Every structure is written in structure tokens, then in C-alpha cells.
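Structural features, examined
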Amino acid sequence: MARYLLKFSKKGGIRFISHLDMLRVFQRAFRRAGIDISYSNGYNPHPRIGFAMPLSLGFESEAEYLEFRTDTDYGIQQIGDMLNEKMPPGIEAISCRRIDNAGKKTAAAVLARASYTALYRGEDGSMRAEVTDAIVPFLAQEHIVSVKYSKKKKKDVESDIRPNIYSLSSVSEKRLLFSMMLGAGNSGSLNPEIMMKELCRFCEVEYRDYEWLYTRTEMFFLDGKGRPRPLDEFGGSLRSNI
Amino acid sequence: MRPAVHRAEGKKYMYLSDRVERLLTKVNKPASYMGGELNSVRKMPEETELYWGFCFPDLYEIGMSYLGLQIIYHVLNSCPGVYCQRIFAPGDDMEQLMRQENVPLFTVEDRQAASELDVLGFTLQYELSFTNIVNMLDLAGVPALSTKRSEDDPIIAAGGNCSFNPEPLSDIIDFFMIGDGEDVLIEVSELLKKKKKEGWTRREFLEHVSRIKGVYVPSFYEPQYGDDGCMTGYRKLYNSAPDRVVKRIVMDMDSVDFPLKPIVPFMETVHDRSVIELFRGCTRGCRFCQAGMICRPVRERSPELVRRFASESLANTGYDEMSLLSLSTSDYSQIEPLVRDLMADCKQKDTGLSLPSLRLDSFSEDMLREIQEFRKTGLTFAPEAGTQRLRNIINKSITDEHIYGAAEKVIKMGYTNIKLYFMVGLPGETDEDLDGIAEIAKNIVWLNKKYGDEKKKGRFNVTVSVSNFVPKADTPFQWAAQDSPEEFDRKHIYLKEQLRKVKHCSFQYHGTDTSELEAVLARGDRRLGKTIIRAWELGCKFDGWTEFFDFEKWKQAFADTGADIDFYAHRARGESEYLPWDIMDCGVTKKYMLHELHEAMNEIQTQDCRKGCTGCGLKRFVECPVYEQGANYS
Ligand code: SF4
């Protein structure tokens, strides 16, 4: 049994492919490439393959992680090469590592943070200063209450998103481009779009969803001292850059 | 009213791709409009002489499960200089956005405006998609009526089963193609290239194309009507147009092109699997079945090729399931050895094999179990009629022994779900035939009581699913009157009452309104073109979808355009009456159909013509292949 962590990017039109569909894209690519994924034991066996974290529809990403296991020992280079050959345009394998020594927990289970950028692509760039200036007072709030309609509960649900914002800054002099570090994974997760909506509401700027492009730039786990480390370093020794 | 979409003009649409992308963030299924799927084709302007738009008048997920789309896409894109892109009916949410933002109908591949293409080809799979064609043309900014279109507009073509009676769409479509598409599409494409190069007018092109075999140009024929409103014939308006249009037939299934690299959608569609076409045509001759008549003769693909295609298609797609397509799988002459081999191949690749409509008699239990394993639906059976007498009338060769034999077999194997399909409203049907349906259900439940596994017995369910008979053009029942909606309702209630007393039995039936509309359109004439357009104006689209179907609007459209539902749906045609589709030669002669109708009235079956020719008329054009059971294959 071999265990792998594949890092890949997802850009362009393919950002409209949903999480579940992406999993199928990979499963089919593995089949085309002749790579057999292991199945779990038990009454209802399922393929041992999964993403570290779902990506919202319409987001791009520079750092997606797919963890999977195979019965056969494939060379890392072989997997990367095969995938790059067999993947649809927009998905590119960046690195593939063996993580046989990563312990019991999966990448999804250790995930704690994710970083994103938000880029404004609309026509009205004039509100750049307003939004940028609002960041400090926005973050100075003790609580930031976001209201979301819950389909399950069939009513609006309030939540405080402030604890899941670890950083937020403007990173361009010319463009409306923001960079942020947010909570991710089981211990508390925040979607950057919700945060940007709240920021825009805070400074009374209209938010139109199709004007913003979000890119996930990295995912992190916490090391022994509680410092964020890119998932790229999770449990692995054998590294291969593709 | 729907906000109009203005047609694409030059530079304004340069940014169509970006504008589409903006809408994608707001719609339910963005993957339907996104393109970029594995094995989809892109071509550069330098290599493109002719732009085809393959238009499927329904949603992406329906169209992408249709093998014909993959075949045509492959055939056209294999032609040098031809670029075929796909266009689907946008979902309701997308359409609203498109109208708001003035985004015209676009291709999936390049997001090119449909109106910029040279030719748009619609596939006509079911009558209830007709209003979608009008809607798509409107979204493209192309006038629906062919007489209103200018030289700059794309040529509008159509093919597929419904084009065997194309008249309801004849005001809209410039030309139809009937029969197998592979050859005719290439010939038409060559002609379209010439049109472009030499600057022919639409009229000049239509004159040329009308001489290609299998092509019908409706504007060259004017329908004539008698005082009673019935058709009396056509008056030709262009002398060189053929008197009758003969369907195209591709004879050699082993040399015809087949897509081994089908497009693999990102999103889940109706069927996510590799599909290999096993054979075309059907020899059984069920008298209600249009496909069985218009797709003759039977042409099989050799088992060696089917196996090779299956393995290549799986390797090129990464699907984990494969399926065979034909009108009745079990009739394939070498089905047993083929299934055995495919099963072995699939097992090796950890792939599921799904075989629709397989008859059980010829397979061992072990084999059945393996095939059934992958079938989610359980056992299905289509006796179509409840008594032997009515099955004789419709020429369905299943007998009670077949039904009970198969049921006993699967019950003994431990299956707890059996689904039975019947039709109501068939010509010659009486309430005794409905009793027969209930009788069959009862007997199967009894078989379960007797042979069922003790532990599973209680879970057993037999589903009786009933559809309403719709008389179709080019069938022996094309002269028949459809039951009135009241009569259908009465029969449904009667059956429900009969089956209510049967334990472990559930009953499903279809709405009568859609069946009635289908019956009108399936045997309609050219006057219905106005009705279809009117229905669209009133808001009709996606008529095949219950959530959209609005019969009140349709009734209004019939009233507004002076068309009479009864005249089309509930009137028996006279045997000597000229029928709107008589101008098409589907291969089977009208004389044969009439003979078959008379045999039906005498309750006499006609044999499967694999056992010997019954003289349907195909031999006027081709040598029908003879397939012997189990020959030449080891
Ligand atoms: S001509 Fe004869 S063999 Fe050929 S399809 Fe018709 S009935 Fe069958």
C-alpha cells in the first residue's frame, strides 16, 4: 500500500466544475492512466481518494491537495507525468509526494488554515481606497456577525466570523487585490467570499458576486508549536516537483 | 413577454466569452455551458471553412447522454475544414440571465454566437422539444420563420427520428435530412462550403441540396388541402426537387465511423458510461413502434469490433461502466458469446457492464447475476399489452410463458423488484385487456409467494408502469385514432382499482395531456407551424418537463391559430387519405403498413423478418443482411 499527496492548481474555465465532479475527473484520469486506487475494506468499500478541502464553485486555486492510496507502488514521477498528460486543461499537477509516514490522520483532518486572494474585476475601481481604508477598523471589531440562510434549519443563522480571520491586507497599489489567511478544516472554517461581503457591507460598498475572483493560494496545518505550515510539508519526505 | 435578444453583430460580441463567464457564477449548473470537456474539439479559424452548430433542443445533461450527438459531432469534426460546435437549450435560470444581459445563444466550445455560424442543425428526438427550437432561434436572434430570414442568417437544418414527419416544423427548418446521418452530413457540408466560397444565395443552396438523397426542402412543396381539411397532396414549387424523399441508409456498420473518443462531461449526466452501438434497426415489427419501422433494415456491428470499440472507448474516457445500444439487445445474432467475452473484459478492468432490455431465456443464472449486479433498476419487462389477443394485434411476440418463466427465474434468484411496462389505448383494446394487466401482476406476486426467498418475500414489489398509446407516423397504426383524455382517465382509474387489491404491487401512469399533444404533433401537418410558434409566444418551452408543461397555454395556441386537437389526435385517418408524411419514403411502403394494419384487425401476428422476409419494401433499396444465430464467431 502506498499513500500519496498530490498538489495541483485549478485555473480558468474549469473553476466552474464542482467538488464532486472534480473527484470524478480525477478518478477517470487515474483509470485512463491505468493507476488503480485502493479500496477500503468493510461492507461498503469506497475508493481511498479525497481532497483536503472542497473549493467553492468559481474559485481558482494554486494549491489543491488530493490524497489517495494505491495497492501497487507507482513511481511519483510516473503519477505526475501521467496525470498531466490525461487531465483536462486548467488542472496542472504541481508536486506529488509519498506520505506513508504521515501518521493516522489524513491531510483533510490536520488542515487548519487556508490563504486566499480576492481580486476585483468589475468596472468601478473607484472604491479601492474606501475598501482598503476599512480593513483596519473592520478587523478592530470584536465580533463580526454574518447572517446566512440555512437550508437545513430553514431560517437565517448568525455566526461570528471574526475568530476565523487571521490576517487581511491589501496587496496592490493599483488594483483591488486582497490577501487573507482564514480558518479552514474541522476546527473552524471561513469562506473568503463571506468575509469580503462583510467587509463591503462594513464600508457600504455594493458587493456583486460576479465581479470578484477568488484564488486559494495555500493550505496549512499547524506544527508542534502551533505555527502554520503549508500542506506541502505534511508528513512527507520523498518530494517530487513535477 | 420575454425580453428580446438582439442578434450578434461584429465587434459587439467579441467579448461574449467574458460575458458568458460572468453569468456562470450565478447559474445552477455552470458546467453545462462551460465546455473544455475531455475529448471535446476546438479548431482554429485558419483551419475552419465551415461552422456547424449542432443544436440539441433540450438541456446539456440530456443531450450529452444521447449517442447520436457524439456520432454526428465526431463525423463532422473529422471532415477537413469543418468545425462542429455544440449548442444546447439553456436552463431556465441561464435563459433569464441571458435575456437580461442581452447575451445571445452561444456554442459550448468557443462561446461563439449561434447566429454567426454557417449552419445550425437541430436533432429532433421527441415532439415535445419543438417549442425549444423556436426558443433557441429567438435566443440566437435568428427569425423562426424561414421566409423571414436574410442571406446573413445561418441555414437551419434538422434530422433525427421526428424528421420522418417534419411538417409541423416546415415553416421553420430550411431543410431536413432523413435516415442515417453519416454520409449525408458530409455531402451537405461539402455543398455548404461551396455556397460560402461561391457566394450562393440561400435559394441557390436549397436547390442544390434538394438533389442530395435523403434531403427534404419543405419550401419547394406546397401542401394541398381538400374541403374537409384533410391533405390531398403537395404541389411542387421547384421542378427539380424529388417527388419523394428517400431515407439514407448506411449499410456497413463495420466500416462506418464511430466515436471512440466521446466527449466526457464534467457533470453528472443521465448516463455516465461508454456506449457502443451494437446494431441498427429492428426486425420484430411491433405495429406501434416508429423506430422499428424507420430504422430498418437490421445492420449488425461485428462482435470483434464491438469488443475492440468497448476497450478503446473505456481507455479513452476512464468510465467505469459500459453499455451496448440497440433497439433490442437480445436480438443480436451472437449475443451470448459477445456478452460472455465482454463480461470477461470488463471484469479484468473492474468495469460494470450494463445491458438494457436483455431477454432472459438464453442466459445462465450465473451470467445473469453478473450482468444484473451492475443494473440498478432490477428486472424490467415490456409485454405492452395484457392479453395474448392484444399482443397479437400489436405484433408483440412475448407470450405469457415468457413473462412467467422469466419472473420465476429471477424470483428464484432472489430478486425482489420487477417492473412491467404496458400501454393503454392501443387499437382494439377492451377492458378485458386491462384485466389482463392486473392478472399478470397478480400471477407474478403469486410466483413470489411460491418461490420467493423466505427472508426477502415481504419486500417483493412488482411495478406496473403504463404509458398512453400515441399513434405515430410511419407505423401500421398511423391511421388509428388516439383515445380521448376522458377515456384514458377512465382506463387509468379502472386499472388503479384493479391493482389496488393486489399486494406488493405499485402502479404508475403518465399524464394524458402530454400524450395528447404528442399525438397532435406526431401526425401534424404544416398548418401546425403557426400553433407551435404561438405556443412559444405564450410562454411554452421544455414541454417534455412536467414542471414546465402548460397545456392551457397550448390549448390557447390551438384556439388562436384555428387548429383542432381532435382533428389531429382523435380522428381515424381514411385508408386512402393522403398523409402529410407520405412525401417521405422511410423504406417501408405504405402498402405494407396497410397490410399490417389489416393483419392487426384480424389479430394475426407477422413473423420476425430475421426468420424470413415479410416484404416490407426495404428491398427496393438495399439487400437486407441475413444473420444466423451464433455464426462465424468463436
Ligand atoms: S425487406 Fe424483408 S428482410 Fe428487409 S427489413 Fe423488410 S421485411 Fe425485413
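A short tour of the structure in this document, coming up. Computed from a predicted structure; not experimentally measured.

1. Comments concerning the packing of aromatic side chains
This model, assessed by the stated rule, comprises 30 aromatic pairs over all chains. Ring centres 5.0 Å apart and planes at 15° place the aromatic pair A:Tyr4 and A:Phe68 in the stacked group. Of this pair, A:Tyr4 sits in strand β1 (residues 2-10) while A:Phe68 sits in strand β3 (residues 60-70); the two residues are 64 residues apart in sequence, bridging distant segments of the chain. Taken individually, A:Tyr4 and A:Phe68 each receive the classification buried, so the pair is uniform in this respect. An aromatic cluster of three or more residues is present, and its members are B:Phe176, B:Tyr216, B:Tyr221, B:Tyr234 and B:Tyr578. If you follow B:Arg571 out to its NZ or CZ, it ends over the ring of B:Phe567, 4.2 Å from the centre.

2. Points about the site of the ligand
As a structural note, the neighbourhood of the ligand is formed by B:Arg296, B:Cys609, B:Cys613, B:Thr614, B:Gly615, B:Cys616, B:Leu618, B:Lys619 and B:Cys624. Here the residues of the shell around the ligand are counted per class, giving five nonpolar, two polar and two charged.

3. Remarks on the sheet that holds strand β6 (residues 215-216) of chain B
Residues and elements named next belong to chain B. What the six strands build is an open sheet, ordered β2-β1-β3-β4-β5-β6; its pairing is mixed. Here the strands that pair on one side only, and so sit at the sheet edges, are β2 (82-88) and β6. Sheet strands in contact with helix α4 (residues 67-78) are β1 (50-56) and β2, and its direction is about 155° off that of β2.

4. Structural notes on the interface of chain B and chain A
With 25 residues of chain B at the interface, the matching set in chain A holds 18 residues. Here chain B and chain A share an interface that buries about 1,900 Å² over both sides, 57% of which is from carbon and sulfur atoms. Between the two partners, chain B and chain A, sit eight residue pairs in polar contact (both at pLDDT 80 or more). Residue assignment for the side of chain B that touches chain A shows that the elements contributing at least two residues are α1 (16-24), α2 (31-34) and α10 (303-317) of chain B.

5. Things to note about the nonpolar core
Soluble, globular proteins show a tendency: their nonpolar side chains are buried together. The biggest cluster of nonpolar side chains holds 168 residues, and the ones touching the most others in it are A:Phe26, B:Trp52, B:Phe175, B:Val188, B:Val209 and B:Trp554. Tallying contributions element by element places helix α6 (residues 130-140) of chain B first for this core, with seven residues. Discounting residues that sit within four places of it in the chain, B:Trp554 has contacts with B:Thr131, B:Leu517, B:Leu521, B:Thr531, B:Ile532, B:Ala535, B:Cys540, B:Asp543 and B:Phe549. If you look at the next biggest cluster of nonpolar residues, it comprises 44 residues, including A:Met53, A:Ala118, A:Phe178 and A:Leu182.

The rules we used
- Residues numbered from 1 in each chain as written.
- Chains lettered and ligands numbered in written order.
- Predicted model: local features only at pLDDT ≥ 70, side-chain atom pairs only at ≥ 80, totals over all residues.
- Heavy atoms only, no water.
- Phe/Tyr/Trp six-rings, centres within 6.5 Å; stacked < 30°, edge-to-face > 60°.
- Helix = DSSP H or I, 4+ residues; strand = E, 2+ residues; numbered from the N terminus.
- Buried < 20%, exposed > 50% of the residue type's maximum accessible area, 1.4 Å probe, protein only.
- Lys NZ or Arg CZ within 6 Å of the ring centre and 35° of its normal.
- Near = heavy atom within 4 Å.
- Nonpolar A, V, L, I, M, F, W, Y, C, P; charged D, E, K, R; others polar.
- Pairing = 2+ DSSP bridges.
- Contact = heavy atoms within 4.5 Å.
- Axes fitted to C-alpha atoms, helices over the stretch in contact; angles between N-to-C directions.
- Buried area = accessible area lost by both parts, 1.4 Å probe.
- Polar contact = N/O pair within 3.5 Å; in protein donor to acceptor, adjacent residues only side chain to side chain.
- Core = buried A, V, L, I, M, F, W, Y, C linked by side-chain atoms within 4.5 Å.

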